[in-house]
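# A structural walkthrough
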Amino acid sequence: VQLQAYGGGLVQAGGFLRLSCAASGRTFSSYVVGWFRQAPGKEREFVAATGINTYNADSVKGRFTISRDNAKNTVYLQMNSLEPEDTAVYYCAAGVRFSTTKDDYYYWGQGTQVTVSS
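Here is a short report on the structure shown in this document.

### Quick notes on the packing of aromatic side chains
One pass over the structure, following the stated rule, counts 7 aromatic pairs. Here tyrosine 106 and tyrosine 107 contribute two aromatic rings whose centre-to-centre distance is 6.5 Å and whose plane-to-plane angle is 90 degrees, an arrangement assigned as edge-to-face. A network of ring pairs unites the aromatic residues Phe36, Phe46, Tyr55, Tyr91, Tyr105 and Trp108 as a single cluster. The positively charged end of arginine 44 is found above the aromatic ring belonging to tyrosine 91, 3.7 Å away from the centroid. The aromatic ring of phenylalanine 28 is capped on one face by arginine 68, whose charged end is 5.0 Å from the ring centroid.

So, in structure tokens, the structure goes:
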């Protein structure tokens, strides 16, 4: 599976962005897809995941929504009410196990930068 994340950019606090993760491969629908983010000097952290169910990290609950369109081989991350603390490189990843742990994901996209100004 090859993944490509895009849709990042510069936005003011309170604004919104929608990230997309486009995947190749006919078995995409069978994978769990997660979004992670990494800010400078910090560990890569879990944001959200979608498989049969969806799950969001506490830090983004009520603001971010993950969804997928298997017909388009694409997973989305709708990010609303963005805060400066959301500034990071966002990565999408695919695995076979529903997990919040980055080591459980085997395939990674290249990342897309999200910058939120105050």
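Structure shown, so let's carry the discussion forward.
### Examining the state of the cysteines
This model, assessed by the stated rule, comprises 1 disulfide. Cysteine 21 shares a disulfide with cysteine 92; S-S distance 2.2 Å. Disulfide cysteine 21-cysteine 92: torsion about the S-S bond near 70 degrees, hence right-handed. Here cysteine 21, found in strand S3 (residues 17-23), pairs with cysteine 92, found in strand S9 (residues 88-95); they are 71 residues apart in sequence, far enough to count as distant. There is no split in this pair, since cysteine 21 and cysteine 92 are both buried.

### A few points about the sheet that holds S3
One open sheet holds the 4 strands; their spatial order is S1-S3-S8-S7, and the pairing between them is antiparallel. Two strands close off the open sheet at either side, each with one partner strand: strand S1 (3-6) and strand S7 (64-69). Between one strand axis and the next, the sheet turns through 15 degrees on average, direction left out of account. Note: S1 against S3, 4 bridges, orientation antiparallel. When the sheet's bridge partners are listed, glutamine 4 is paired in S3 with alanine 22.

Rules and cut-offs
Residues numbered from 1 in each chain as written. Predicted model: local features only at pLDDT ≥ 70, side-chain atom pairs only at ≥ 80, totals over all residues. Heavy atoms only, no water. Phe/Tyr/Trp six-rings, centres within 6.5 Å; stacked < 30°, edge-to-face > 60°. Lys NZ or Arg CZ within 6 Å of the ring centre and 35° of its normal. Disulfide = S-S within 2.5 Å. Helix = DSSP H or I, 4+ residues; strand = E, 2+ residues; numbered from the N terminus. Buried < 20%, exposed > 50% of the residue type's maximum accessible area, 1.4 Å probe, protein only. Pairing = 2+ DSSP bridges. Axes fitted to C-alpha atoms, helices over the stretch in contact; angles between N-to-C directions.

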